[in-house]
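Each chain, written out:
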Amino acid sequence: MPVSIYIPGPFRRLTHNREYVSVEGTTVAEVLDAVNARYPGFDMLVYNRERAIPAHINIYVNNQEIHELDGTATALQDGDQLAVIPAVAGGAGAPGNGAVPASAALTPDEVMRYSRHIIMNQVGPGGQRKLRNAKVLVVGAGGLGSPVAIYLALAGVGTIGIVEFDTVDLSNLQRQLLHQTADVGKRKLQSARETLAAYNPHVTIVGHEAPLTSDNAFDIIPQYDIIVNGADNFATRYLVNDAAYLSGKTLVDGSILLFDGQATVFKPGSGCYRCLYPAPPPPGLVPSCAEAGVLGAITGIVGSIQATEVFKQVLDIGEPLVGRLLLVDALTMEFRTMKLRRDPECPLCGEHPTVTTLIDYDQFCGSPPLVAPEPEPAAVGGDS
Amino acid sequence: MAVQVQVTSVIQKVVDGQRQLDAEGLNVAELIDDIERRYPGFRAQLMDEHGQLHRFVNIYLNDEDIRFMQGAATALSDGDCVSILPALAGGCHLP
């Protein structure tokens, strides 16, 4: 029997912009099959891999959702009206996770843009709105910060803060995905903003164009839910660790050198960077990437792992890299994890803390303080 | 005890660029001595002159940090794997 089916805007590219399609079928499933036979690919929009209707799609027969009827087996009468609606109801009863704060429904554009995420049960529209509400701070827009910020922006993380005061140098381009040849000499923050806006104009980029210091860390870090460390020196690494712990924030840590990478997640109470490395090496003992070199692609591996851990934290899925230190060796392509424990003697997060506020990290690390370069693009570049 | 030692990153340069080597010792301190005999300068990467392990280099017996075991006195068994792992700073910046 002929049935009319309403095609939502985002799906109409398949139906040559037809808003209504008339097909034959005695059940909802038959009608969907008939539409797919005429417009191949329609299937992929309305079914997930288990061939169930995913949580972000509602199908109505006349004005009743088919979950309240017999699902896709719902029988149809001549002249029935079907509608496929990918919109998402806000508030209680939303599919996905009930813990999502009430917020606007995803727009059809968002549903399409993020559909590869949304169709996964672990994400769903509720998870996508969690990502949209998330505020993540990325320390450094360099080797690690680039893939982290790009993947967060692509995933629709609503607010991405970036701490960066450096200028793009030619030697950065071997690995720092946020910056391109034409950006050499530009402020890294500006370059990062442009790249991220081109990837996804819907996310808000908040720039903090100054070195992170003991004076400004508590103005910046508490504004965010999760902190990602892509810092390029030990002083900033300990500063970010202490400020994140003292602000009660989860810290997603990563570091790289040569062909090696390390990554872990510190949640307050489960250990911190000081539990892992109680003291920094004396200056000059562990070389920097500028001195020793680093494989460009290892920044992508470790940065993608950091972005994945942020994603898991926001969505509260899987097993976070908490209490484990992941080691990546690009030459043997071995991934190993070591146990990471909270040290009861830790001066920051141990039983008897002695570090209760931020200290002078340059002095702690024996390194000269970071100085922001003059705004004029200069040939001398850092490498962050 | 025959133990496999995995060396990461910058410490490889003192063991002729090897990422993995075999060594002997009843405990971690003896193991370090054994490698030091073959690769002078190795010990200084891990310990100060008083035999205290550096706090920016971690040594793991299998997947456990020896600081949470018996430190350099941690006993070794045949077939154990010891990993030596210095802190890395990068990101990347000029020093």
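Remember, predicted model here, so these are calculated numbers, not experimental data.

*Asks:* Before we go on, may I ask you to explain the overall build of chain A in this structure?
*Replies:* Along its length, chain A carries 13 helices and 13 strands. Structurally, chain A occupies a C-alpha span of about 80 × 50 × 40 Å along its principal axes.

*Asks:* Looking at this model, I keep getting lost on the sheet that holds strand 8 (residues 204-208) of chain A. Mind explaining?
*Replies:* Residue and element names in this part refer to chain A. Taken together, eight strands build an open sheet; the order of strands is 8-7-6-9-10-11-12-13 and the sheet is mixed. Two strands bound the open sheet, and with one partner strand each, they are strand 8 and strand 13 (334-339). When strand polarity is set aside, the average angle formed by the axes of neighbouring strands in this sheet is 15°. Pairing geometry for strand 9 (residues 226-229) and strand 10 (residues 250-257), over four bridges, is parallel. Each residue of the ladder has a partner; that of Val228, found in strand 10, is Val252. Set on the sheet, helix 9 (residues 234-246) makes contact with strand 6 (135-139), strand 9 and strand 10; between it and strand 9 the angle comes to about 170°.

*Asks:* Before we go on, may I ask you to explain the confidence of the model for chain B in this structure?
*Replies:* Caution applies to low-pLDDT regions: their predicted coordinates should not be interpreted in detail. Residue-level pLDDT values for chain B average 89, and 94% of them are 70 or greater. With pTM at 0.74, the complex prediction returns an ipTM value of 0.79.

*Asks:* Can you walk me through the environment of Leu321 of chain A in this structure?
*Replies:* Residue and element names in this part refer to chain A. Note on placement: Leu321 falls in the loop between helix 12 (296-315) and strand 12 (324-329). The spatial distance from the C-alpha of Leu321 to the C-alpha of Phe266 is 8.3 Å, given a sequence separation of 55 residues. With residues up to four places along the chain from it excluded, the contact list for Leu321 reads Ala263, Thr264, Val265, Glu309 and Leu326.

*Asks:* Where do I start with the packing of helix 6 (residues 145-154) of chain A against helix 12 of chain A in this structure?
*Replies:* The packing of two helices is summarised by the inter-axis angle and the distance between the axes. Residue and element names in this part refer to chain A. Axis separation between helix 6 and helix 12 bottoms out at 7 Å; the angle between their running directions is 40°. Regarding the angle of helix 6 to helix 12, the classification is oblique. Note that helix 6 runs across helix 12; the crossing there is right-handed. For the pair helix 6 and helix 12, contact is made by Ser146, Pro147, Val148, Tyr151 and Leu152 and by Thr299, Gly300, Gly303, Ser304, Gln306, Ala307 and Val310, respectively. Among the residues forming the contact of helix 6 with helix 12, the class breakdown is six nonpolar, six polar and no charged.

*Asks:* Help me understand the interface of chain A and chain B in this model?
*Replies:* As a measure of interface size, the accessible area lost when the parts come together is often cited. Every contact between the two is made by 41 residues of chain A and, on the other side, 23 residues of chain B. Where the side of chain A that touches chain B is concerned, the elements lending two or more residues are helix 9, strand 10, strand 11 (260-266), helix 11 (289-292), strand 12 and strand 13 of chain A. Its residues assigned to classes, the side of chain A that touches chain B shows 21 nonpolar, 12 polar and eight charged.

*Asks:* I would appreciate a short explanation of helix 9 of chain A in the present structure.
*Replies:* Residues and elements named next belong to chain A. When the terminal C-alpha atoms of helix 9 are compared, their 18 Å separation across 13 residues agrees well with the 18 Å that a helix rising 1.5 Å per residue should span. Helix 9 sits mainly inside the fold: 13 of its 13 residues count as buried. Just beyond helix 9, the residue with positive phi is Gly248, at close to 70°.

*Asks:* Even after reading the chapter, I still don't get the sheet that holds strand 3 (residues 57-61) of chain B, so can you show me in this structure?
*Replies:* Here five strands make up an open sheet; going across it, the order is 2-1-5-3-4 (chain B) and the pairing mixed. Strands with a single pairing partner mark the edges of an open sheet, and in this sheet they are strand 2 (20-24) and strand 4 (64-65) of chain B.

*Asks:* I'm lost on the domain arrangement of chain A in this one. Help?
*Replies:* The assigned domain composition of chain A is domain 1 (2-85) and domain 2 (134-365). The C-alpha centroid of domain 2 of chain A is placed 45 Å from the C-alpha centroid of domain 1 of chain A.

*Asks:* Before we go on, may I ask you to explain the pairing of strand 7 (residues 159-163) of chain A in this structure?
*Replies:* Consecutive residues of a regular strand have side chains that alternate between opposite faces of the sheet. Residue and element names in this part refer to chain A. Of all five residues that make up strand 7, four are buried, and the element is covered over most of its length. As judged from the five bridges shared by strand 6 and strand 7, these two strands associate in the parallel manner. Its bridge partner being in strand 7, Leu137 is matched across the sheet by Gly161. Between the parallel elements strand 6 and strand 7, the chain passes through helix 6 in a crossover that is right-handed. Strand direction decides the pairing type here: strand 7 and strand 8, joined by five bridges, are parallel. Residue Gly161 lies in a different strand from strand 8, and its bridge partner there is Val206. With helix 7 (residues 188-199) bridging strand 7 and its parallel neighbour strand 8, the resulting β-α-β unit is right-handed.

*Asks:* Even after reading the chapter, I still don't get the environment of Val28 of chain A, so can you show me in this structure?
*Replies:* All names here are of chain A. Here Val28 shows up in helix 1 (residues 28-38). Given 26 C-beta atoms within a 10 Å radius, Val28 is considered buried. With 47 residues separating them along the chain, Val28 and Ala75 place their C-alpha atoms 6.8 Å apart. Beyond its immediate stretch of four places on either side in the chain, Val28 contacts Ile59, Val61, Ile66, Thr72, Thr74, Leu76 and Leu82.

*Asks:* Would you mind showing me how to read the nonpolar core here?
*Replies:* Generally speaking, nonpolar side chains in soluble globular proteins are found buried as a group. Residue and element names in this part refer to chain A. Ranked by size, the top nonpolar core spans 106 residues in total, and within it Val136, Leu137, Ala149, Leu152, Ile227 and Val228 carry the most contacts. Residue contributions to this core peak at nine residues, all from helix 9. For Ala149, the residues in contact, after removing those within four places along its chain, are Val138, Ala141, Ile160, Ile162, Leu178, Ala192 and Leu196. In terms of nonpolar packing, the next biggest core, distinct from the first, is built from 19 residues, Val31, Tyr39, Ile53 and Leu82 among them.

*Asks:* I would appreciate a short explanation of the pairing of strand 3 (residues 58-61) of chain A in the present structure.
*Replies:* All names here are of chain A. Burial along strand 3 is one-sided: Ile59 and Val61 are buried, and none of Asn58 and Tyr60, which face the opposite way, are. Relative to strand 5 (residues 81-85), strand 3 runs antiparallel, the two being bridged by four bridges. Note on strand 5: the bridge partner recorded for Val61 is Leu82. Pairing geometry for strand 3 and strand 4 (residues 64-65), over two bridges, is antiparallel. The residue bridging Val61 from the neighbouring strand is Gln64, located in strand 4.

*Asks:* Before we go on, may I ask you to explain helix 12 of chain A in this structure?
*Replies:* Owing to its 3.6 residues per turn, the α-helix brings residues three or four apart onto one side. Residues and elements named next belong to chain A. Over its 20 residues, helix 12 extends 29 Å from the first C-alpha to the last, a length consistent with the 28 Å expected when each residue adds 1.5 Å. Of all 20 residues making up helix 12, 14 are buried, and the element is well covered by its neighbours. The positive-phi residue at the C-terminal boundary of helix 12 is Asp316, with phi of around 55°.

Rules used in this analysis
- Residues numbered from 1 in each chain as written.
- Chains lettered and ligands numbered in written order.
- Predicted model: local features only at pLDDT ≥ 70, side-chain atom pairs only at ≥ 80, totals over all residues.
- Helix = DSSP H or I, 4+ residues; strand = E, 2+ residues; numbered from the N terminus.
- Pairing = 2+ DSSP bridges.
- Axes fitted to C-alpha atoms, helices over the stretch in contact; angles between N-to-C directions.
- Contact = placed C-beta atoms within 7 Å.
- pLDDT = per-residue confidence, 0-100.
- Parallel < 35°, antiparallel > 145°, perpendicular 65-115°, else oblique.
- Left-handed = near helix turned anticlockwise from the far one by under 90°.
- Nonpolar A, V, L, I, M, F, W, Y, C, P; charged D, E, K, R; others polar.
- Expected span 1.5 Å × (residues − 1).
- Buried ≥ 20, exposed ≤ 12 C-beta atoms within 10 Å, placed from the backbone.
- Domains from an automatic or database assignment.
- Right-handed = clockwise from strand over helix to strand, strands pointing away.
- Core = buried A, V, L, I, M, F, W, Y, C linked by C-beta atoms within 7 Å.

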